[in-house]
Amino acid sequence: MGEGFLPDWVQIIVPALVVLGFLTAWALKLKRGMAARRARRTGAPVPSGPSGADFLGPYAPRREGRRPGLIPVPDR
């Protein structure tokens, strides 16, 4: 077909994959936006798992019935 630096099949597939990537990103953004709008309307939280620096998961220390924030007083 045409004279180019790359073979014809590469010149067709690579732009098609780039367009597919953009369309996928756009669809995911649209889906998240619709879920957030629906959650705002119903008052339900948007589902997301616990994450971040404050979530320790199975590595969290065990609680021994103490209330957090209290300073232990030694017995006399």
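Up top is the structure.
Described below are features of the structure shown in this document. (Residues numbered from 1 in each chain as written. Predicted model: local features only at pLDDT ≥ 70, side-chain atom pairs only at ≥ 80, totals over all residues. Heavy atoms only, no water.)

Our focus in this paragraph is the overall build of the protein. Looking only at helices and strands, the protein has one helix and zero strands in total. Classification of the 76 residues of the protein by burial places 3% in the buried group. Surface accessibility of the protein: about 8000 Å² in total, with carbon and sulfur atoms responsible for 64%. (Helix = DSSP H or I, 4+ residues; strand = E, 2+ residues; numbered from the N terminus. Buried < 20%, exposed > 50% of the residue type's maximum accessible area, 1.4 Å probe, protein only. Areas by Shrake-Rupley, 256 points an atom, 1.4 Å probe, with all protein chains shown as cover.)

Taking 1.5 Å as the rise per residue, helix H1 (residues 8–42) with 35 residues should run 51 Å; its terminal C-alpha atoms sit 51 Å apart, in good agreement. Gly 43 occupies a position one or two residues after H1 and carries a positive phi of about 80 degrees. (Expected span 1.5 Å × (residues − 1).)

This part takes up a nonpolar patch on the surface. A cluster of nonpolar residues, Trp 9, Ile 12, Ile 13, Leu 17 and Leu 20, forms a patch on the protein surface that exposes about 560 Å² of accessible area. For Trp 9, the location among the structural elements is in helix H1. (Patch = residues over 30% accessible without salt bridge, like charges linked within 9 Å, V, L, I, M, F, W, Y side chains within 5 Å. Salt bridge = Lys/Arg side-chain N within 4 Å of Asp/Glu carboxyl O.)

Where like charges cluster on the molecular surface, the positive patch consists of Arg 37, Arg 38, Arg 40 and Arg 41. Among the secondary structure elements, Arg 37 is positioned in helix H1. Residue class for Arg 37 comes out partly exposed when judged on its relative accessible area of 46%. (Lys, Arg positive; Asp, Glu negative; His and termini not counted. Charge placed at Lys NZ, Arg CZ, Asp CG, Glu CD.)

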